[in-house]
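Here is how the chains run, residue by residue.
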Amino acid sequence: MTRLWQFRGGIKLDGNKSLSSEQPIAKANLPQFLILPLLQHIGVPAEPVVKVGDKVLKGQIIAHCQANDCYLKMSVPLHASSSGTVVAIEPHSVPHPSGLTALCIVIETDGRDEWIECSPIIDYTTLSPMTLRQQVAMAGIVGLGGAGFPSHLKLKSAGIDTLIINGAECEPYITCDDRLMREYPDDIVMGAQIFRHILGGTQHCVIAVEDNKPAAYSALLQAAQGRVTVVKVPTLYPTGGEKQLIHVLTGKEIGKAQLPADFGMVVHNIETTRAVYRAVKEGRPLISRVVTVTGNGIEQPQNLEVLLGTPIQVIIDQCGRKSDIKQLIMGGPMMGFTLPHDQLPVIKTTNCLIASSTQAIESPKPTMPCIRCGACAQVCPVNLLPQQLYWYTKAKDFKTAKNYHLFDCIECGCCAYVCPSYLPLVDYYRYAKAEIRANEQERQKANLARNRHEFRTFRLDRDKAEKLARHQAAAAASQPDKQVIIEAALERVKAKKVPNHSEEKPIQEESVH
Ligand code: SF4
Ligand code: SF4
């Protein structure tokens, strides 16, 4: 698997990575309050198993699925990221493009940062894949590259022969995976080996690193010692996309309605791989992650290992706030989203925070009409027709936009980046997707209501019929049997007809003389 292919489209971007890539990962300060949203991933939120006033230890489960069966569902448990007291379970602003609030558990930390007793697994090869998969689920691990897909669900696919560890950190500014590969290559290689064991011993295991990260590549190559393959891939945005990376490494194009598992492949992110290593070898759940804090609004851009739930304001202050921050982005500049303020917690999918000072913000360029130049279609890595999607979305013709594979758009932003008319194309696609999903939900609700109504009518009719049948049966039961009545009548008739010879006197005919 050393031959490489090139996917269609994509763009070259300025990395801006040197801002934060040259300092070792430091620890973020312990905040006074930790705000832990119950839903930090794709799927079903966990439910609190603690109440206000409870004392908790670092690593203790504070929210879980119903019936403790997270590993069967699209969900994971949530753990306290430090020791302290639960002071609230209430809605709080969370980092999300919608800007909505969500239910959170708030812990006031006690400063001791005291762990629960952890149970490391000395030799994971003696355990079954099922046991290890449960261990991954119970550690609360989800995809840490930004998608937040529960990792245990990607570990049950049968017939997987290729495992890919994604070190193609292609978005500008983000360097957390680069630092992890440089500082913890052994953990990552061991994590990959654990994945292989859970997947039943995959034939191939590849760690892909972009060619603009030579130090990470060398560190991994040394740690791998021939057990896994480390491959350099060209730096082209969006190589870090799951399907794009598979194409680069294998030449296989995963179609619009297909999954990597359909081709015997599974892809995991670098930090997810390290989290799995820690969950198994150290018995520690996911209670922290590495966050790149960067941008020209920050004095000392760097990577910090941050406890989940730490308010963003705390880590921005730790890195030095240059001036009033005009714009705060979570994620990269291409696929990330703007946060309304910094009183929001770091969650499992927070890989980067870009703070821009007033001077750095370019005033948005005025948009112009689409000139149908086709530049957007040339760079789209998933072969879509961005201008057509734009026209249909603008006209609110969502049905046709859907038919033009709107939901295959990975929102990479390449089309908007090259558009000479400065059209905010991705914003249109996000809006269209949200509208379609909302309409879909409305339709499902209406269907549910109709089904309920139909079932209620059916149930009432059925009850009525059963009641009537019961009444008739009861009425019949309270009357003497017809046959008995008939027989009694016949008996009476018979009794009348039979002469009583003992009493009857012979009728003597009178003789006529
Ligand atoms: S790049 Fe912009 S102007 Fe050109 S076709 Fe696409 S949407 Fe229209
Ligand atoms: S944002 Fe969507 S439509 Fe635009 S280039 Fe990326 S995948 Fe294609």
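Starting from 1, residues in each chain are numbered consecutively following that chain's sequence as written. Just so you know, chain letters begin at A and ligand numbers begin at 1, following the order they were written in. In view of the model being predicted, local features appear only for residues whose pLDDT reaches at least 70, and side-chain atom pairs are presented and counted only at 80 or more, with totals across whole chains, interfaces and linings using the full set of residues. Hydrogen atoms and water are omitted, and side-chain values are computed over all heavy atoms in the structure.

By the naming in an unreviewed UniProt entry, the chain is Ion-translocating oxidoreductase complex subunit C, taken from Thioploca ingrica. We quote the UniProt Sequence similarities (unreviewed entry) comment for the chain here in full: "Belongs to the 4Fe4S bacterial-type ferredoxin family. RnfC subfamily." UniProt positions are given in the numbering used here, feature names are shortened, and annotations may be inferred rather than shown by experiment. Per UniProt, the comment on the chain under Subunit (unreviewed entry) is "The complex is composed of six subunits: RnfA, RnfB, RnfC, RnfD, RnfE and RnfG."

**Q** Mind showing me how you'd approach the site of ligand 2 here?
**A** Near ligand 2 you find 13 residues, and of these Cys380, Cys409, Cys412, Gly413 and Cys415 are the closest. Each helix corresponds to a stretch of at least 4 residues labelled H or I by DSSP, and each strand to a stretch of at least 2 residues labelled E; elements are numbered beginning at the N terminus. Elements with a minimum of two residues in the shell around ligand 2: helix H11 (414-418) and helix H12 (425-478). The classification used treats Ala, Val, Leu, Ile, Met, Phe, Trp, Tyr, Cys and Pro as nonpolar, Asp, Glu, Lys and Arg as charged, and all other residues, Gly among them, as polar. Here the shell around ligand 2 is composed, by residue class, of 11 nonpolar, one polar and one charged. Whether a residue is near a molecule or strand depends on its heavy atoms: if one lies within 4 Å, it is near.

**Q** Which parts of the structure should I look at to understand the UniProt feature "binding site: [4Fe-4S] cluster 2" (unreviewed entry) in the chain?
**A** Per the UniProt entry, the sites bearing "binding site: [4Fe-4S] cluster 2" (unreviewed entry) are Cys380, Cys409, Cys412 and Cys415 in this numbering. Their sequence span is 36 residues, while the largest C-alpha to C-alpha distance among them is just 10.6 Å; these annotated residues converge on one region. Along the chain, Cys412 turns up in the loop between helix H10 (398-403) and H11. In this scheme, a residue with accessible area under 20% of its type's maximum is buried, one over 50% is exposed, and one in between is partly exposed, where area comes from a 1.4 Å probe on protein chains only. Of the residues examined, Cys412 reaches a relative accessible area of 7% and is grouped as buried. It only takes one pair of heavy atoms within 4.5 Å for two residues to be counted as in contact. Excluding residues within four positions of it along the chain, Cys412 makes contact with Tyr237, Pro238, Met334, Met335 and Pro381. With respect to the helices and strands, the residue Cys415 is situated in helix H11. If near-sequence neighbours (up to four positions away) are discounted, Cys415 is found in contact with Cys376, Val379, Pro386, Leu425 and Tyr429.

**Q** Explain the packing of helix H3 (residues 185-198) against helix H4 (residues 214-224) here, please?
**A** The angle between the axes and the distance between the axes are what describe a pair of packed helices. In contact at an axis separation of 8 Å, H3 and H4 are set at 55° when each is read in the N-to-C sense. Considering the angle they form, H3 stands oblique to H4. Crossing handedness for the pair H3 and H4: right-handed. In this structure, H3 contributes Pro185, Asp186, Ile188 and Val189 to the contact, and H4 contributes Ala219, Leu220, Ala223 and Ala224. Looking at the contact of H3 with H4, its residues break down into seven nonpolar, no polar and one charged. Lines are fitted to the C-alpha atoms to define the axes, a helix being fitted only along its stretch in contact, and any angle between axes, read from their N-to-C directions, falls within 0 to 180 degrees. Angle categories: roughly parallel below 35 degrees, roughly antiparallel above 145, roughly perpendicular from 65 to 115, and oblique for all the rest. Handedness of a crossing is defined here by the sense of rotation of the near helix relative to the far one, left-handed for an anticlockwise turn of less than a right angle and right-handed for a clockwise turn.

**Q** What am I meant to see in the site of ligand 1 here?
**A** Around ligand 1 lies a shell formed by Cys370, Ile371, Arg372, Cys373, Gly374, Cys376, Gln387, Cys419, Pro420, Ser421 and Leu423. Considering only residue class, the shell around ligand 1 consists of seven nonpolar, three polar and one charged.

**Q** What is the right way to read the sheet that holds strand E14 (residues 302-307) from this model?
**A** Strand pairing in a sheet takes place through backbone hydrogen bonds and is either antiparallel or parallel in direction. At least two bridges found by DSSP between two strands are what make those strands a pair. Strand order in the open sheet formed by six strands is E1-E14-E13-E17-E15-E16, and the pairing between neighbours is mixed. The strands lining the two open edges of the sheet, one partner per strand, are strand E1 (26-27) and strand E16 (337-338).

**Q** Any chance you could explain the domain arrangement of the chain here in plain terms?
**A** Splitting the chain by domain gives domain 1 (26-326) and domain 2 (369-469). Taking only C-alpha atoms into account, the centre of domain 1 sits 30 Å from that of domain 2. Between domain 1 and domain 2, the contact holds five residues from the first and nine residues from the second. Summing both partners gives a buried area of about 570 Å² for domain 1 against domain 2, and 54% of it is carried by carbon and sulfur. Buried area: the accessible surface (1.4 Å probe) lost by two parts on joining, summed over both. Counting the surface domain 1 buries against domain 2, the share from its top three residues, Tyr237, Gln244 and Lys256, is 77%. Any Lys or Arg side-chain nitrogen located within 4 Å of an Asp or Glu carboxyl oxygen qualifies as a salt bridge. Counting across the interface, domain 1 meets domain 2 through zero salt bridges. Here a polar contact means two N or O atoms within 3.5 Å. Within protein one must be a hydrogen donor candidate and the other an acceptor candidate, and residues neighboring in sequence count only if both atoms are side-chain atoms. Summed over the shared surface of domain 1 and domain 2, the number is one residue pair in polar contact (both at pLDDT 80 or more). Of the residues in the side of domain 1 that touches domain 2, the class split is two nonpolar, one polar and two charged. Domain extents, as shown, originate in an automatic or database domain assignment.

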